[in-house]
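Structure at a glance
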Amino acid sequence: MRVHVADHPLITHKLTVLRDKNTPSPTFRALAEELVTLLAYEATRGVRTTEVTIQTPVAETTGLAISDPKPLVVPILRAGLGMLEGMVKLVPTAEVGFLGMVRNEETLQPDIYAERLPDDLSNRQCFVLDPMLATGGSLIAAIDYLFDRGAVDVTAVCLLGAPEGLAAVEKATEGREVTIVLGALDEKLNEVGYIVPGLGDAGDRLYGTV
Ligand SMILES: O=P(O)(O)OC[C@H]1O[C@H](OP(=O)(O)OP(=O)(O)O)[C@H](O)[C@@H]1O
Ligand SMILES: O=c1cc[nH]c(=O)[nH]1
Ligand SMILES: [Mg+2]
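A quick note: this is a predicted structure, and the numbers were derived from the prediction, not measured. (Residues numbered from 1 in each chain as written. Chains lettered and ligands numbered in written order. Predicted model: local features only at pLDDT ≥ 70, side-chain atom pairs only at ≥ 80, totals over all residues. Heavy atoms only, no water.)

Side note on a nonpolar patch on the surface
- There is a patch of nonpolar side chains on the surface, built from Val3, Val5 and Leu185 and spanning about 200 Å² of accessible area.
- In this fold, Val5 is placed in strand S1 (residues 2-5).
- Since its relative accessible area comes to 33%, Val5 is described here as partly exposed. (Patch = residues over 30% accessible without salt bridge, like charges linked within 9 Å, V, L, I, M, F, W, Y side chains within 5 Å. Areas by Shrake-Rupley, 256 points an atom, 1.4 Å probe, with all protein chains shown as cover. Salt bridge = Lys/Arg side-chain N within 4 Å of Asp/Glu carboxyl O. Helix = DSSP H or I, 4+ residues; strand = E, 2+ residues; numbered from the N terminus. Buried < 20%, exposed > 50% of the residue type's maximum accessible area, 1.4 Å probe, protein only.)

As structure tokens, this is what we get:
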């Protein structure tokens, strides 16, 4: 598994405002979107491309075009939806599929409650969007789901991760083509499975649930 943790003052600045409990939902949403666009730059480093020949007004030249089948972007509902616009801004030709997942806050086990994905993901490059990688249970379930459908490589973009969750994903996806791009790797999980220092419940903060 490849892991990339962002190291850029602009990303840290935006994450600091995002973490602040006094930041209201509209600002939180705007920042989540901006952060994804910045992280997507790194996450798409391995996007598959094909050489193409084009004609500029001056000369013929070769360049690159994103290959077919186009990448599939999969936001994990609910919180991952807050990252979708930021990602498709950078890759506007990507196809978008949806996975609805919720973590049982007592057992911390994930449950898939909705799915709208292409049936056949064979030979597909997938980009999963979820702001929080806590125990890793949700991300492992999402990655398994995509590989079971035939995906060949999965890159997850998360705003924050916990070391425990990252280790769990690494163990569960051994031998598979998986990349994790994080805005920051936090200190730990607390006793109820929240990331410390984290930002609280990303879904609640995005959508104003109290
Ligand atoms: O790594 P884990 O321990 O599985 O936790 C992370 C999951 O928890 C949050 O979703 P949540 O279940 O709160 O759903 P929501 O997006 O609807 O709020 C988050 O967006 C992840 O999907
Ligand atoms: O810290 C956490 C952990 C799981 N889900 C969240 O939204 N936040
Ligand atoms: Mg939530």
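Quick look at the pairing of strand S8 (residues 125-129)
- Most of S8 sits out of view: five of its five residues are buried.
- Residue alternation in S8 divides its side chains into two sets, Gln125, Phe127 and Leu129 and Cys126 and Val128, and both sets are buried.
- The pairing of strand S4 (residues 72-77) with S8 spans four bridges and is classified as parallel. Its bridge partner being in S8, Val74 is matched across the sheet by Val128.
- The pairing of S8 with strand S10 (residues 153-161) spans five bridges and is parallel. When the bridges of S10 are listed, Gln125 appears paired with Asp153. (Pairing = 2+ DSSP bridges.)

Topic: unusual backbone geometry
- With an omega dihedral of -5°, the bond running from Asp68 to Pro69 counts as a cis peptide bond.
- Counting through the fold element by element, Pro69 comes out in the loop between strand S3 (60-66) and S4.
- Within the chain, Leu108 stands out as a residue other than glycine whose phi angle is a positive 65°.
- Position of Leu108 among the secondary structure elements: in the loop between strand S6 (98-103) and strand S7 (110-116).
- We note that Asn123 has phi near 65°; this positive angle belongs to a residue other than glycine.
- On the secondary structure map, Asn123 appears in the loop between S7 and S8.

Overview of the UniProt feature "domain: Phosphoribosyltransferase" (unreviewed entry) in the protein
- The sites that UniProt annotates as "domain: Phosphoribosyltransferase" (unreviewed entry) are residues 5-209.
- End C-alpha atoms of residues 5-209 are separated by 29 Å, and the span's content is 32% helix alongside 31% strand. (UniProt positions renumbered as here; feature names shortened; annotations may be inferred.)

Points about the nonpolar core
- Core analysis: the biggest nonpolar cluster contains 35 residues, and Leu15, Leu18, Met87 and Leu159 have the highest contact counts within it.
- Elements with a minimum of two residues in this core: helix H1 (9-19), helix H2 (25-43), helix H3 (84-90), S8, S10, strand S11 (178-185) and helix H6 (202-207).
- It is H2 that provides the largest number of residues to this core, a total of eight residues.
- Counting 25 residues, the second largest nonpolar core, distinct from the first, contains Leu117, Leu146, Ala151 and Cys158. (Core = buried A, V, L, I, M, F, W, Y, C linked by side-chain atoms within 4.5 Å.)

Quick word on the coordination of the magnesium ion (ligand 3)
- Around the magnesium ion (ligand 3), the protein supplies Asp201 (OD) and Asp201 (OD) as donor atoms, at distances of 2.6 to 2.7 Å.
- Looking at where Asp201 falls in the secondary structure, it is placed in the loop between strand S13 (195-196) and H6. (Donors = N, O, S within 2.8 Å, 3.2 Å for Na, K, Ca; no water.)

Quick word on the site of ligand 1
- Near ligand 1 lie 16 residues; those nearest to it are Arg103, Asp130, Thr135, Gly136 and Ser138.
- In the model, an oxygen atom of ligand 1 is placed 2.9 Å from a nitrogen or oxygen of the Arg78 side chain.
- Between Asp130 and ligand 1, the recorded distance is 2.5 Å, taken from a side-chain N or O atom to an oxygen atom.
- Isolated, ligand 1 exposes 500 Å² of accessible area, and the fraction of that covered by the protein chains is 93%.
- Of all the cavities here, the one that holds ligand 1 is the largest pocket. (Near = heavy atom within 4 Å. Polar contact = N/O pair within 3.5 Å; in protein donor to acceptor, adjacent residues only side chain to side chain. 1 Å grid on protein atoms, 1.4 Å probe; cavity = no way out; pocket = protein on both sides within 12 Å on 5 of 7 lines; lining within 4 Å. Sits in = over half its atoms within 2 Å of the grid points.)

What about the UniProt feature "binding site: 5-phospho-alpha-D-ribose 1-diphosphate" (unreviewed entry) in the protein?
- As recorded in UniProt, the sites labelled "binding site: 5-phospho-alpha-D-ribose 1-diphosphate" (unreviewed entry) are Arg78, Arg103, Asp130, Pro131, Met132, Leu133, Ala134, Thr135, Gly136, Gly137, Ser138 and Asp201. Considering only the residues just annotated, the largest pocket is lined by Arg78, Arg103, Asp130, Met132, Leu133, Ala134, Thr135, Gly136, Gly137, Ser138 and Asp201.
- Inspection of the secondary structure assignment puts Asp130 in the loop between S8 and strand S9 (132-133).
- For Asp130, a relative accessible area of 13% gives the class buried.
- Owing to a relative accessible area of 24%, Asp201 belongs among the partly exposed residues under this scheme.
- Once residues lying within four places of it in the same chain are set aside, the contact partners of Asp201 are Arg78 and Tyr194.
- Among the polar contacts listed, one links the side chain of Asp201 to the backbone nitrogen of Gly203, at a separation of 3.0 Å. (Contact = heavy atoms within 4.5 Å.)

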